[in-house]
Amino acid sequence: MSQDSSENLKTTPLFDIHKELGGKLVPFAGWNMPIQFAGVVAEHTCVREKVGLFDVSHMGEIEIEGKDAKRFLQYLLSNDIEKMSDGTILYSLMCYKNGGVVDDLLVHRFSEDHYFLCVNASNSDKDYEWVARHSASYDVKTKNTSADTAQLALQGPESEKVLQSLCDVSLNDLSYYNFKKGKVDDIEGIISRTGYTGEDGFELYLPPEKVADVCRSLMRQGEPFGIQPIGLGARDTLRLEMGYALYGNEIDDQPTPLEAGLGWVIKFNKGEFIGREPLLQQKEQGLRRKLVGIKLLTRGVPRSHYRMLKEGEPVGEITSGTFSPSLNTGVGLCYVSKEYSGVGTRLEVEIRNQSVPAEVVRPPFVPGHVKK
Amino acid sequence: MEIPNDLLYTIEHEWVRLKDNRATIGISDFAQSQLGDVVFVELPAEGMELTKENTFGVVESVKTVSDVYVPVTGKVVAINKDLESQPDLVNSDPYGKGWMIEIEVSDSSSGEGLLKAEQYAEQCKNQE
């Protein structure tokens, strides 16, 4: 990964390929990344119907190894690390003492003493600093491996067919939220059955010096299946259609993860973890707000920070909003007072001084197709 | 980049087709390619009086909301209703089926300062 000093933006090893493929490059979390290639709608549809390839090398990776690794992660993370076996993955939060979120992440277990985390690009350095600081009293070594790890995401119903032809390990027995070490295009890497789109797919962790070659091979193998390069614009519309949280929008350093509906990854009964007390208190007192999905009933596009109204009175604010290419309508996520959070509740979105009618829905907005 | 010679342009990337005192208005090929897939177009009501350089509507792509500006002062006599169900016409045919509004010009002097095709092309080059 290199530093483009002229604009102070970092670039991934796929920067030249992005330009070759006609990617429209924009700054994102300090990186120069493609927001789109053929167009957000075309790319979105390609992932839902065929297969798309994303450069996600800007994401961060943190390795944790040592006798106390499990005990350390059990304290650091909200989910129950005890439940993991070799080759499994958990979605978890990493919380502050006040119950706010440092980051949401995936934890992968190589063995009882050896794990790695995949974290958001925007939080990479902050997360490593947090992990390293808290590891001091544990017999573990932590390493920020982000600069040595490139990442591709291959997502869509045809992704297994495309990847299997380049992969030396079997994929049909690799189930959702599991990973294997193997070779892709003869390059050693990690193949995980995870993704941020709701479709069947894989995330591939590869050496940065080889990832461009693997990318070209996947594009070639994927050609008969209609593969397209996918930008960050479609990455956002795909995850939003599934109702997946984005750090900075639905969750941040404020104690909202229970309101965001992430209680399912917060295991109060596992024992002590950072943030447990205030979150438990919040749960026992009952939540006053909830994150809900909304779908517009007429034309329009809801966007972050637009106000939600109930008969003209403000009741919340959109955290993420977009136009859903699959539904051909505006969709969003927003926090509303609990009394307005029931499915079917009629609300309005304030869009440029107009009240646009909307309805509360339970995400996902479209059905997912991850491999069970 | 298409920039038809028989049209006039604004620096905000609107185009104007002037015939007698009627002006048909839309956004340029450059503008639609910068925006990406157009998913929503908000237009004024027929009969509205518009003043040059105010905004007359909004064009939304998945990622952005963009104001569109009045190039000549006058009254709205027609709006392109097809854009309601097919906003992507702005992308596929920005100078034809993607037209937005038609104005009856009430102040012909407001048309001064509109750019000719070569001048507009120069502007676009500077913005790339």
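Residues numbered from 1 in each chain as written. Chains lettered and ligands numbered in written order. Predicted model: local features only at pLDDT ≥ 70, side-chain atom pairs only at ≥ 80, totals over all residues.

What follows covers the overall build of chain B. Helices and strands together make up the secondary structure of chain B, namely four helices and nine strands. Scanning chain B from its N terminus toward the C terminus, one meets helices and strands in the order β-β-β-α-β-β-β-β-β-α-α-β-α. In summary, chain B has a C-alpha radius of gyration of 13 Å against a globular reference of 14 Å for 128 residues, a match within 12%. Each principal axis of the C-alpha distribution contributes one length, and for chain B these read about 35 × 35 × 20 Å. Going through the 128 residues of chain B one by one, you find that 41% of them count as buried. Sequence-distant contacts, at least 24 apart, represent 63% of the contacts inside chain B between residues at least 6 apart. (Helix = DSSP H or I, 4+ residues; strand = E, 2+ residues; numbered from the N terminus. Rg over C-alpha atoms; globule rule 2.2 N^0.38 Å. Buried ≥ 20, exposed ≤ 12 C-beta atoms within 10 Å, placed from the backbone. Contact = placed C-beta atoms within 7 Å.)

Residue and element names in this part refer to chain A. Counted residue by residue, helix H7 (residues 232-242) has nine buried out of 11 residues, so it is predominantly covered. Along H7, the positions that sit buried rather than exposed are Leu 232, Gly 233, Ala 234, Arg 235, Asp 236, Thr 237, Leu 238, Leu 240 and Glu 241. Looking one or two residues beyond H7, the residue adopting positive phi is Gly 243, at roughly 75 degrees.

So, about the packing of helix H2 (residues 40-49) of chain A against H7 of chain A. Residues and elements named next belong to chain A. H7 packs onto H2 with a crossing angle of 55 degrees between their chain directions and a minimal axis gap of 8 Å. Comparing the axis directions of H2 and H7 gives the class oblique. Seen along the crossing, H2 lies across H7 with a hand that is right-handed. For the pair formed by H2 and H7, the contact residues are Val 40, Glu 43, His 44 and Val 47 on the first element and Gly 233, Ala 234, Thr 237 and Leu 238 on the second. Taken together, the residues of the contact of H2 with H7 sort by class into four nonpolar, three polar and one charged. (Axes fitted to C-alpha atoms, helices over the stretch in contact; angles between N-to-C directions. Parallel < 35°, antiparallel > 145°, perpendicular 65-115°, else oblique. Left-handed = near helix turned anticlockwise from the far one by under 90°. Nonpolar A, V, L, I, M, F, W, Y, C, P; charged D, E, K, R; others polar.)

On to the sheet that holds strand E7 (residues 89-95) of chain A. Residue and element names in this part refer to chain A. If you walk across this open sheet you meet the five strands as E7-E8-E9-E6-E10, and the pairing is antiparallel. The two strands at the open ends of the sheet, each matched to only one other strand, are E7 and strand E10 (141-144). Shown here is a sheet whose adjacent strand axes are inclined to one another by a mean of 25 degrees, direction ignored. For strand E6 (residues 60-65) and E10, the ladder comprises four bridges, and the chain directions are antiparallel. Across the sheet, the residue bridging to Ile 64 is Thr 142, located in E10. Helix-sheet contacts for helix H3 (residues 69-76) involve E6, E7, strand E8 (101-111) and strand E9 (114-119), and the interaxial angle to E6 is about 130 degrees. (Pairing = 2+ DSSP bridges.)

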